Amino acid sequence: MAILEICRLGAPVLREKAKPVRRLTKRHQKLLKDMTETLYEADGVGLAAPQIGISERIVVIDAGKGLLQLVNPVIVDSEGTQTDVEGCLSIPGVTGYVTRAENVVVEAVSGEGRPIRIEGHGLLARALQHEIDHLDGILFID
Ligand code: NI
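This is a predicted model, so every value here is computed, not measured.

As a further point, take the overall build of the chain. Helix and strand counts for the chain come out as two helices and seven strands. Mapped from its N terminus to its C terminus, the chain presents α and β elements in the order α-β-β-β-β-β-β-β-α. Against the globule reference of 14 Å for 142 residues, the chain gives a C-alpha radius of gyration of 14 Å, in line with a compact fold. Counting only C-alpha atoms and orienting by the principal axes, one finds that the chain spans roughly 40 × 30 × 25 Å. Split into buried and exposed, the 142 residues of the chain put 48% on the buried side. A total of about 7,400 Å² of accessible surface is found on the chain, and carbon and sulfur atoms cover 51% of it. Taking the 16 positively charged and 20 negatively charged side chains of the chain as two groups, their mean positions are separated by 8 Å.

As a further point, take the layout of surface pockets. Approximately 230 Å³ is the volume attributed to the largest pocket. Lining the largest pocket are 15 residues, with Val45, Gly46, Gly87, Cys88 and His130 sitting closest to its centre. The set of elements that each furnish at least two residues to the lining of the largest pocket consists of strand E4 (82-86) and helix H2 (122-135). Its residues assigned to classes, the lining of the largest pocket comprises six nonpolar, six polar and three charged.

With that settled, the discussion passes to the pattern of salt bridges. Two side chains of opposite charge can pair, provided their charged atoms sit close to one another. As enumerated under the stated definition, the model contains 10 salt bridges in all. We note a salt bridge from Asp136 to Arg57, for which the minimum N-O separation is 3.1 Å. Taken together, the residues Asp136 in the segment after H2 and Arg57 in the loop between strand E1 (46-48) and strand E2 (58-62) connect sequence positions 79 residues apart. The exposure class of Asp136 is partly exposed, given its relative accessible area of 29%.

What counts as what
- Residues numbered from 1 in each chain as written.
- Predicted model: local features only at pLDDT ≥ 70, side-chain atom pairs only at ≥ 80, totals over all residues.
- Heavy atoms only, no water.
- Helix = DSSP H or I, 4+ residues; strand = E, 2+ residues; numbered from the N terminus.
- Rg over C-alpha atoms; globule rule 2.2 N^0.38 Å.
- Buried < 20%, exposed > 50% of the residue type's maximum accessible area, 1.4 Å probe, protein only.
- Areas by Shrake-Rupley, 256 points an atom, 1.4 Å probe, with all protein chains shown as cover.
- Lys, Arg positive; Asp, Glu negative; His and termini not counted.
- Charge placed at Lys NZ, Arg CZ, Asp CG, Glu CD.
- 1 Å grid on protein atoms, 1.4 Å probe; cavity = no way out; pocket = protein on both sides within 12 Å on 5 of 7 lines; lining within 4 Å.
- Points joined across faces, edges and corners; volume = space filled by probe spheres on them.
- Nonpolar A, V, L, I, M, F, W, Y, C, P; charged D, E, K, R; others polar.
- Salt bridge = Lys/Arg side-chain N within 4 Å of Asp/Glu carboxyl O.

What follows is the structure in structure tokens.
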């Protein structure tokens with residue numbers, strides 16, 4: 001495993017629309033492991049592949065309810081609103097209030113290549129929306 005360098009605001013990759021993963025390979029397995037190690041080392045809630053310079057639709061999240069490794073995640077349902085303080089590992093030292101959905105349902109492929117469906121509420125819903133935004137080049141400061 002390895003700790004990866006996190007791209008900062010201004011890196012063009014953070015503004016790209018990331019490509020879907022067509023087939024999970026050993027390279028992706030290693031990427032997921034390295035992203036997970038990097039997330040925990042940075043004491044973050046979530047990390048998206050573009051943040052480590054890879055424009056593919058992969059995120060890792062741990063909002064205190066266990067690790068999620070998601071490939072090609074898509075929000076299929078959302079409801080309610082919540083407004084809370086948010087930050088981003090790519091924009092250190094900056095926080096701001098962001099209004100997002102309170103509940104989301106996300107479909108994705110797991111790190112093992114299985115289809116999964118996650119219902120997120122509160123902080124987990126916020127993290128899912130924040131990280132999926134990264135895959136479309138959207139940052140919380142937008
Ligand atoms: Ni972020």
